[in-house]
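Listed below are the residues making up each chain.
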Amino acid sequence: MWPAAPRQQYGAVRAALFVTCLVDGVVPQVAKATVRVLERVGVTVEMPWEQTCCGQMHVNTGYPREAIPLVRNHVAAFEGHDAIVVPSGSCTAAIRHQHADVARLAGDAALAGAAEAIAARTWELSEFLVDVLGVTDVGAYFPHRVTYHPTCHSLRLLRVGQRPLQLLRAVEGIDLVELPGAEQCCGFGGTFALKNPAVSSAMLADKIAAVRRTGAAYAAAGDASCLLHIGGGLSRLSTGIGTRHLAEILATTRRQR
Amino acid sequence: MTFLGMPTAPPGVGQLRQEVPFPVAAARALEDSQLRRNLGHATSTIRAKRAAAVAEVADWQELRAAGAAIKDDVLAHLDRYLLQLEEQVTARGGTVHWAGDANEANQIVAGLIRATGQRHVVKVKSMATQEIGLNEALAAAGIEATETDLAELIVQLGHDRPSHILVPAIHRNRNQIRDIFLREMPDAPADLSDEPVELAAAARAHLRRKFLAAQVAISGANFAIAETGTLAVVESEGNGRMCLTLPRTLITVMGIEKILPAWRDLEVFLQLLPRSSTAERMNPYTSMWAGAVEGQDFHLVLLDNGRTATLADPRGRAALRCIRCSACLNVCPVYERTGGHAYGSVYPGPIGAVLSPQLTGVADNPDLPFASSLCGACFEVCPVAIDIPAMLVHLRSRVVDDKREHHHGPTPEAAAMRGLAWAMSDARRWAWALRAGHAGRLLGRRYGRIRHLPGPLAAWTSSRDLPRPPRQTFRDWWRSERPGEDGA
């Protein structure tokens, strides 16, 4: 359990939440959970109102020019904030690895510089908790069998490594089981899921088979987008297996379900 | 950006272009349960072996960096190194030919063979000659070429196409190979079983006769040393050694990017290549030669075929570092399921998805840069550190730009992207768009989840449900929960 009075320990930390467009519109419970976890460990959460989307879908589908106003908007929205937390490995990776590039495509060196500065103080949720706050036990209680899919961009672009698992292992009551072939892509891939639906579905079928082998009640991940895909397949096949974002598991306590 | 002026690989010859759009070819391949089993087994086996072979090398990351740096130097000074190579090969009794594209290369090789009076040649496995369709061009000129690599022989006898860079018959299992041998190899024993030892013995006996009769051999090259004029072929079966030494005339067709500056650079690549490709510490046969020995002729055909055009794109040129190890194919979740034929090119998988469209120009391979979930497994294993995912993203923008230039008015996708970007570049507009998305709640009212989406989004619900949109977006929740904190 979390030691008493965490706020005294971390009360000085303020962080801006980058909700991400998908979470905002489709799975808002992930952002609510992120707020709950952060506040529980004493972080004052701010919600920059001008934020929208990181533009990753535009860049990755071949429309970096269309992403220019999105990067501009993101930089304007988060410019005054010292720490930015994102409940998505993929969107964090876009901010770190794409934003400055998009700004340079616009020929805007000042924007590129500002984007780089923002990227340097942007963290994916597990990075923020483990690296910035030095917390692994957030006082969560989740008495279920869970298997964790590491998601490609968290794994290979951010290299978050063991951080999400460290957080999950500290959850009271959790029965965390290893996912066979965890590092294999689930087949989401953004617009890949629409442009190559057959291949995407074949990859999903194998991921679902791996999830089922674990006997888990929930498949967890740090990206709502991958979970939308995995969960969409689990639901279509009426497997009875649910999905939970890392933040949702960490937000659940004995008192607050 | 356009890359006019640099010729790309010509159409109508060789094998670099998709005939069927990738999503369609892939969907068909996915239905082939035999293919899925063969590929799944083969790729997972070699993947584990490669990981073990690489883990033995403590300075693997430094080797990768060195490999990338050496190749980048070659690409930056290709003009100089090519002339140096020509000079060295010529000084050692070889003849160098320059081929701008597949047609020129095929003509040069056919002419050289014709001059020998021979009508039969043996071949070492070579990607460059597959790329330019040399066997077909030679057949049209009345010359029969025999592939001597076991897997290439299986492909050739099966009237098939290679589906993997290193293991061209990876899509075949031993039952299928037995059938091909019995059908197409007149000297195969009638009681041939599907035991690998028996299959290999049958092929060996068949090929031995070809080796001893051949007067002309054709090879590719893994490396060419500019400093010394040395050509290198690495292989596992010894067929290459036979071809490179027995016949009177040797013709080597090589992409211009295969150069290494100096002899000592081989030290890096002879570690990187075998461990990445066959998961061996060292490949069984490494043949090297410089020029021609007395009584033999050596011709080197330097092939461009779209490589200079590839070099012209600063964000795409690193694809020319590729040493054809095929590690990226073996780890690719897309390749593992579709196999190589779906890509339409002799270069399948992740490297093919970035190389083929650059060699042909993106207009001729517009689907390939999109044939990836951008999972990044390829970049992780690439022995010359080609950032394939970033390059795929870049090439996607070239495809989009090409369509923008050549289509009247925006494509529906471009219009949707632009509309979305307009909505997303302002928080107020975006909040309105999200609220409009609530209409989607209607679609999910029956099951509590959406089972059928309209239009292009139907591809999503072909295999996946979508949760019913929430009553309240996050920002609306925040506004209602925390009045005064919304900055409005």
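Everything numeric here is computed off the predicted structure, so don't read it as measured data.

Student: Even after reading the chapter, I still don't get the overall build of chain A, so can you show me in this structure?
Tutor: Along the backbone of chain A there are 15 helices and 8 strands. Here the C-alpha radius of gyration of chain A, 18 Å, is about what a compact globule of 257 residues would show, namely 18 Å. Counting only C-alpha atoms, chain A reaches 50 × 50 × 25 Å along its principal axes. Out of the 257 residues belonging to chain A, those deemed buried represent 60%. Nonlocal contacts in chain A, meaning residues at least 24 apart in sequence, comprise 79% of its contacts between residues at least 6 apart.

Student: Just to check I follow, could you spell out the overall build of chain B for this structure?
Tutor: Helices and strands together make up the secondary structure of chain B, namely 22 helices and 12 strands. In summary, chain B has a C-alpha radius of gyration of 26 Å against a globular reference of 23 Å for 488 residues, a match within 12%. Each principal axis of the C-alpha atoms in chain B carries an extent, and together these give about 90 × 55 × 50 Å. Within the span of chain B, comprising 488 residues, buried residues form 50% of the whole. Summarising the internal contacts of chain B: among those between residues at least 6 apart in sequence, 75% fall at separations of at least 24.

Student: Where do I start with the sheet that holds strand 10 (residues 297-303) of chain B in this structure?
Tutor: The strands making up a sheet are joined through hydrogen bonds of the backbone, oriented either antiparallel or parallel. Residue and element names in this part refer to chain B. A sheet is described by the order of its strands in space; here 6 strands give the open sequence 1-10-7-4-2-3, paired in parallel fashion. This sheet does not close on itself; its edge strands, each paired only once, are strand 1 (95-99) and strand 3 (144-147). Direction aside, the axes of adjacent strands within the sheet are offset by 25° on average. Note that strand 2 (residues 120-123) and strand 3 share 4 bridges and pair parallel. The partner of His-120 across the bridge, within strand 3, is Glu-144.

Student: Explain the domain arrangement of chain B here, please?
Tutor: Interface size is commonly expressed as the accessible surface area that is lost when the partners come together. Domain assignment breaks chain B into domain 1 (22-308) and domain 2 (426-481). The distance between the C-alpha centroids of domain 1 of chain B and domain 2 of chain B comes to 53 Å.

Student: Looking at this structure, I do not really get the domain arrangement of chain A. What am I missing?
Tutor: All names here are of chain A. With domains assigned, chain A is organised as domain 1 (6-131) and domain 2 (139-251). In this structure, domain 1 and domain 2 have C-alpha centres spaced 22 Å apart. Taken together, the contact pairs 27 residues of domain 1 with 24 residues of domain 2. Where the side of domain 1 that touches domain 2 is concerned, the elements lending two or more residues are helix 2 (21-25), helix 3 (28-40), helix 4 (56-60), helix 6 (89-97) and helix 9 (125-132). Counting residues per element, the side of domain 1 that touches domain 2 draws most heavily on helix 3, which supplies 7 residues.

Student: I keep staring at the interface of chain A and chain B and nothing clicks. Help me out?
Tutor: The interface is formed by 53 residues belonging to chain A together with 53 residues belonging to chain B. The set of elements that each furnish at least two residues to the side of chain A that touches chain B consists of helix 2, helix 3, helix 4, helix 5 (64-78), helix 10 (152-157), helix 12 (192-195), helix 13 (197-214) and helix 14 (224-236) of chain A. Residue contributions to the side of chain A that touches chain B peak at 7 residues, all from helix 13 of chain A. Classifying every residue of the side of chain A that touches chain B gives 29 nonpolar, 17 polar and 7 charged.

Student: Looking at this model, I keep getting lost on helix 16 (residues 349-360) of chain B. Mind explaining?
Tutor: Residues three or four positions apart in an α-helix share a direction because the helix packs 3.6 residues into each turn. All names here are of chain B. Taking 1.5 Å per residue as the helical rise, helix 16 with its 12 residues ought to reach 16 Å, and the 16 Å between its terminal C-alpha atoms agrees with that figure. Counting buried positions over the 12 residues of helix 16 gives 12, a clear majority of the element. The set of residues buried in helix 16 consists of Gly-349, Pro-350, Ile-351, Gly-352, Ala-353, Val-354, Leu-355, Ser-356, Pro-357, Gln-358, Leu-359 and Thr-360. For helix 16, the elements touching its buried residues are helix 13 (307-311), helix 14 (327-331), helix 15 (333-338), helix 17 (377-381) and helix 18 (388-406). Immediately beyond the C-terminal end of helix 16, within one or two residues, lies Gly-361, with a positive phi of roughly 90°.

Student: Explain the sheet that holds strand 9 (residues 285-290) of chain B to me, please; I cannot follow it from the model alone.
Tutor: All names here are of chain B. The 4 strands are arranged 8-5-6-9 in an open sheet whose pairing can be described as mixed. Since the sheet does not close on itself, it has two edges, and those belong to strand 8 (259-260) and strand 9, each with one partner. As paired strands, strand 5 (residues 223-225) and strand 6 (residues 230-235) are joined by 3 bridges and run antiparallel to one another. Paired with Ala-224 across the bridge in strand 6 is Leu-231. Across the sheet, helix 12 (residues 266-277) is in contact with strand 5, strand 6, strand 8 and strand 9; its angle to strand 6 comes to roughly 20°.

Student: What exactly am I supposed to notice about the packing of helix 13 of chain A against helix 1 (residues 22-30) of chain B here?
Tutor: Packed helix pairs are specified by the crossing angle of their axes together with the interaxial distance, meaning the distance between the axes. Look at helix 13 of chain A against helix 1 of chain B: their axes get within 8 Å of each other, and the N-to-C directions meet at 40°. Judged by the inter-axis angle, helix 13 of chain A sits oblique to helix 1 of chain B. Across the interface between the two elements, Ala-198, Val-199 and Ala-202 of chain A from helix 13 of chain A touch Pro-23, Ala-26, Ala-27 and Leu-30 of chain B from helix 1 of chain B. Split into classes, the residues belonging to the contact of helix 13 of chain A with helix 1 of chain B amount to 7 nonpolar, no polar and no charged.

Student: Honestly, unusual backbone geometry in this entry has me stumped. Any pointers?
Tutor: With the exception of glycine, the majority of residues adopt a negative phi angle, and the majority of peptide bonds are in the trans configuration. All names here are of chain B. In this structure, Asn-305 takes a positive phi of about 50° despite not being glycine. Within the secondary structure, Asn-305 sits in the loop between strand 10 and helix 13. At Arg-324, a residue that is not glycine, the phi angle is positive and equals roughly 60°. By secondary structure assignment, the location of Arg-324 is in the loop between helix 13 and helix 14.

Student: Help me understand the packing of helix 9 (residues 174-184) of chain B against helix 10 (residues 196-213) of chain B in this model?
Tutor: Residue and element names in this part refer to chain B. With their axes 11 Å apart at the nearest point, helix 9 and helix 10 run at an angle of 30° to one another. Regarding the angle of helix 9 to helix 10, the classification is roughly parallel. For helix 9 against helix 10, the interelement crossing comes out left-handed. Counting all contacts with helix 9, which are made through Arg-174, Ile-177, Arg-178 and Phe-181, the residues of helix 10 involved are Pro-196, Leu-199 and Ala-202. Residues belonging to the contact of helix 9 with helix 10 are distributed by class as follows: 5 nonpolar, no polar and 2 charged.

Rules used throughout
Residues numbered from 1 in each chain as written. Chains lettered and ligands numbered in written order. Predicted model: local features only at pLDDT ≥ 70, side-chain atom pairs only at ≥ 80, totals over all residues. Helix = DSSP H or I, 4+ residues; strand = E, 2+ residues; numbered from the N terminus. Rg over C-alpha atoms; globule rule 2.2 N^0.38 Å. Buried ≥ 20, exposed ≤ 12 C-beta atoms within 10 Å, placed from the backbone. Contact = placed C-beta atoms within 7 Å. Pairing = 2+ DSSP bridges. Axes fitted to C-alpha atoms, helices over the stretch in contact; angles between N-to-C directions. Domains from an automatic or database assignment. Nonpolar A, V, L, I, M, F, W, Y, C, P; charged D, E, K, R; others polar. Expected span 1.5 Å × (residues − 1). Parallel < 35°, antiparallel > 145°, perpendicular 65-115°, else oblique. Left-handed = near helix turned anticlockwise from the far one by under 90°.

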